[in-house]
Amino acid sequence: NPIWQQKTLKDIQSCSSPVYCQGPLLDTVQRAQIFNDSKTFVDMSQVNSVNITLENFWKLMNATDGTPTRQDIIEFVNANFLSQNETVPWTPPDFNENPSLINKIQDQNVREFTQNLIKIWPTLGRKISPDVYQNPDQHSILEVPNGFVVPGGRFKELYYWDSLWIVKGLLISEMYDTVKGMLENMCYLINQIGFMPNGSRNYFLNRSQPPALTLMIQEYLKYTKNTAWVNEIVGCVESELTFWLENHTKLVEKDGEVYELAHFESESNTPRPESYDKDLKTCSSYSEETEKKLCYKSLKSGAETGWDFSTRWFFDDNGGTDTNLTHIRPQRVVPVDLNAFLCKAFADLAEFYAISGEPHKEALWQERSNIWQKSIEMVRNGNG
Ligand SMILES: OC[C@H]1O[C@H](O[C@H]2O[C@H](CO)[C@@H](O)[C@H](O)[C@H]2O)[C@H](O)[C@@H](O)[C@@H]1O
């Protein structure tokens with residue numbers, strides 16, 4: 001069966017946490033809809049160890065014959081969870097309200113606008129709290145060694161592809177150490193997990209986002225010329241690109257030839273913990289369990305694209321896009337932008353190996369980039 005039609009009865013969970021990613025506690029709390037946004041709950045920290053949280057949950061279930069009221073659940077959450085102790089505000093030490101760019105701007109309105117924009121950096125800076133290092137299972141946030149800049153609002157963690165634009169902004173603000181720290185955070189996650197997750201939360205461990213790491217590294221090198229540092233990160237770049245090659249490719253036939261290209265696909269087929277009630281609702285139109293699972297998996301694959309959600313990934317019965325979110329199937333698409341990202345990333349890695357003095361690896365990754373480029377051209381344009 002083609003991948004997008006594969007149906008399975010086995011649950012492939014978002015992550016192994018019995019609090020944040022799977023199980024009756026998550027299901028009971030999120031179905032009660034005690035917060036306007038499902039993300040609020042999975043971003044809370046536990047007051048006690050996971051075992052005690054689960055013990056308290058089962059006490060509640062036993063005391064209420066398995067049917068706690070909404071009020072019971074609110075009281076359980078209030079007693080066992082708390083907000084806002086997972087990260088601490090962080091003003092990046094290299095923050096400067098007046099980087100040299102400001103004086104180069106002639107127009108007063110644009111200058112003021114830029115200055116006001118630059119002043120936002122300290123409000124978006126975060127550092128991981130000591131408790132996360134000591135008790136990682138009590139939090140959904142993943143530990144990273146350095147301070148980082150978040151997108152803001154409900155997005156209080158490090159995001160993969162948002163960081164590309166954040167990094168560009170930090171570099172024109174002359175915050176080079178902050179950028180280096182953020183890139184090292186991403187390498188830290190890649191070295192621990194094997195790939196860069198969608199964001200630095202355990203409930204994002206089932207998917208990545210468009211692979212923009214080498215673009216960020218190239219930007220950093222353009223500003224700092226810190227080529228000596230490339231030796232330290234080249235291994236993590238290779239791990240992340242190997243992850244895409246080993247887990248996200250499919251064979252595409254065109255004009256009798258077969259090409260290998262990449263697509264977005266999350267393995268996991270359960271509701272997104274941070275959008276639990278929304279996913280239950282979207283997939284409720286399917287009555288069969290296998291169809292529901294395919295629906296959840298497709299929503300997670302849509303989140304991996306970073307374009308969550310776009311009609312770009314919709315498929316109606318005729319292969320068109322005249323349908324709704326229930327028919328999102330990003331796994332079916334071989335997106336030109338994802339493949340262009342990878343083609344460039346392979347060439348970037350070749351360049352990093354040239355810097356670190358490993359000509360065999362340089363040649364290998366450059367060859368991969370060339371093949372990828374050829375495949376994109378052939379699949380898009382064919383022989384003609
Ligand atoms: O700015 C951060 C990201 O915001 C959107 O997606 C994120 O929120 C979704 C719902 O909570 C979640 O499912 C997804 O995995 C998150 O990345 C946006 O669509 C992303 O492009 C953006 O990186």
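Okay, so let's go over this structure. Within any chain, residue numbers begin from 1 and follow the written order of that chain's sequence. Restriction of local features to residues with pLDDT of at least 70 applies here, the model being predicted, together with a cutoff of 80 or more for giving and counting side-chain atom pairs; totals for whole chains, interfaces and linings are based on all residues. No hydrogens and no water enter the side-chain calculation; it runs on all heavy atoms of the structure.

**What to know about the overall build of the chain**
At step 1: Helix numbers and strand numbers start at the N terminus; a helix is a DSSP run of H or I with at least 4 residues, a strand a run of E with at least 2. A count of helices and strands for the chain gives 16 helices and seven strands.
At step 2: For the chain, the C-alpha atoms occupy an extent of roughly 65 × 60 × 45 Å along the three principal directions.
At step 3: Only protein chains enter the accessibility calculation, which uses a 1.4 Å probe; a residue whose area is less than 20% of its type maximum is buried, one above 50% is exposed, and one in between is partly exposed. Among the 384 residues that make up the chain, the fraction classed as buried is 51%.
At step 4: Residue contacts follow a heavy-atom distance rule, with two residues in contact if any of their heavy atoms lie within 4.5 Å. Nonlocal contacts in the chain, meaning residues at least 24 apart in sequence, comprise 71% of its contacts between residues at least 6 apart.
At step 5: As presented, the chain carries roughly 17800 Å² of accessible surface, and 49% of it is formed by carbon and sulfur atoms.
At step 6: Charge counting treats Lys and Arg as positive and Asp and Glu as negative, with His and both chain ends excluded. Note that the charge is assigned to NZ on lysines, CZ on arginines, CG on aspartates and CD on glutamates. Averaged over its 36 positive side-chain charges, the chain has a centre that lies 3 Å from the centre of its 50 negative ones. Exposure was quantified through the Shrake-Rupley algorithm and a 1.4 Å probe, taking into account, for residues, occlusion by the shown protein chains and nothing else.

**Let's talk about a nonpolar patch on the surface**
At step 1: Patch rule: a residue counts if its relative accessible area is over 30% and it has no salt bridge; like charges are joined within 9 Å, and nonpolar side chains (Val, Leu, Ile, Met, Phe, Trp, Tyr) within 5 Å. Salt bridges are defined by distance alone: a side-chain nitrogen of Lys or Arg within 4 Å of a carboxyl oxygen of Asp or Glu. On the surface, Phe 113, Leu 117 and Ile 120 cluster together into a nonpolar patch covering about 290 Å² of accessible area.
At step 2: Along the chain, the position of Ile 120 falls in the loop between helix 6 (108-118) and helix 7 (121-124).
At step 3: Relative accessible area serves as the criterion here: at 38%, Ile 120 is assigned to the partly exposed category.

**Details of the side chain of Thr 290**
At step 1: Its location among the elements puts Thr 290 in helix 14 (residues 289-304).
At step 2: Under the relative-accessibility criterion, Thr 290 is labelled buried at 16%.
At step 3: In protein, a polar contact requires one atom able to donate a hydrogen and another able to accept it; more generally it is a pair of N or O atoms within 3.5 Å, and residues adjacent in sequence count only if both atoms are side-chain atoms. Polar side-chain contacts of Thr 290 include one of 3.0 Å to the side chain of Glu 288.

**Structural notes on the pairing of strand 7 (residues 257-262)**
At step 1: Pairing between strands requires that DSSP locate at least two bridges from one strand to the other. When strand 6 (residues 249-254) meets strand 7, the two strands line up antiparallel, connected through six bridges. Bridge pairing in strand 7 links Glu 253 to Val 258.
At step 2: Adjacent in sequence and paired antiparallel, strand 6 and strand 7 are bridged by two residues, among which Asp 255 carries a positive phi angle near 50°.

**Structural notes on the packing of aromatic side chains**
At step 1: Only Phe, Tyr and Trp rings are paired, with Trp represented by its six-membered ring, and only when their centres lie within 6.5 Å; those with planes under 30 degrees apart are stacked, over 60 edge-to-face, the remainder tilted. One pass over the full model with this rule turns up 17 aromatic pairs.
At step 2: When the ring of Phe 346 is compared with that of Trp 365, the centres are 5.5 Å apart and the planes differ by 50°; the resulting orientation is tilted. Residue Phe 346 is found in helix 15 (residues 336-356), and its partner Trp 365 is found in helix 16 (residues 359-381); the two are separated by 19 residues along the sequence. One exposure class covers both Phe 346 and Trp 365, and it is buried.
At step 3: Among the aromatic residues, ring-to-ring pairing joins Phe 195, Phe 243, Trp 244, Phe 264, Trp 307 and Trp 313 into one connected group.
At step 4: Against the face of Trp 307 rests Arg 312, its NZ or CZ located 4.5 Å from the ring centre.
At step 5: Our definition puts a charge over a ring when NZ of Lys or CZ of Arg is within 6 Å of the ring centre and also within 35 degrees of the ring normal. Over the face of the ring belonging to Trp 365 we find Arg 368, whose NZ or CZ atom lies 4.6 Å from the ring centre.

**Focus on the sheet that holds strand 3 (residues 87-89)**
Strand-to-strand pairing in sheets goes through backbone hydrogen bonds, with the strands running parallel or antiparallel.
At step 1: Strands sit in the order 3-4-5 across an open sheet of three strands; the sheet is antiparallel. One side of each edge strand has no neighbouring strand; the edge strands of this open sheet are strand 3 and strand 5 (148-149).

**Considering the pattern of salt bridges**
At step 1: Per the counting criterion, the structure on display carries 19 salt bridges.
At step 2: Across the salt bridge formed by Asp 11 and Lys 293, the nearest N and O atoms sit 2.8 Å from each other. Taken together, the residues span a long stretch of sequence, with Asp 11 in the segment before helix 1 (24-31) and Lys 293 in helix 14 at a distance of 282 residues.
At step 3: Owing to a relative accessible area of 6%, Lys 293 belongs among the buried residues under this scheme.
At step 4: What emerges from the salt-bridge pattern is a single network uniting Lys 39, Asp 43, Glu 86, Lys 156, Glu 157 and Arg 201.

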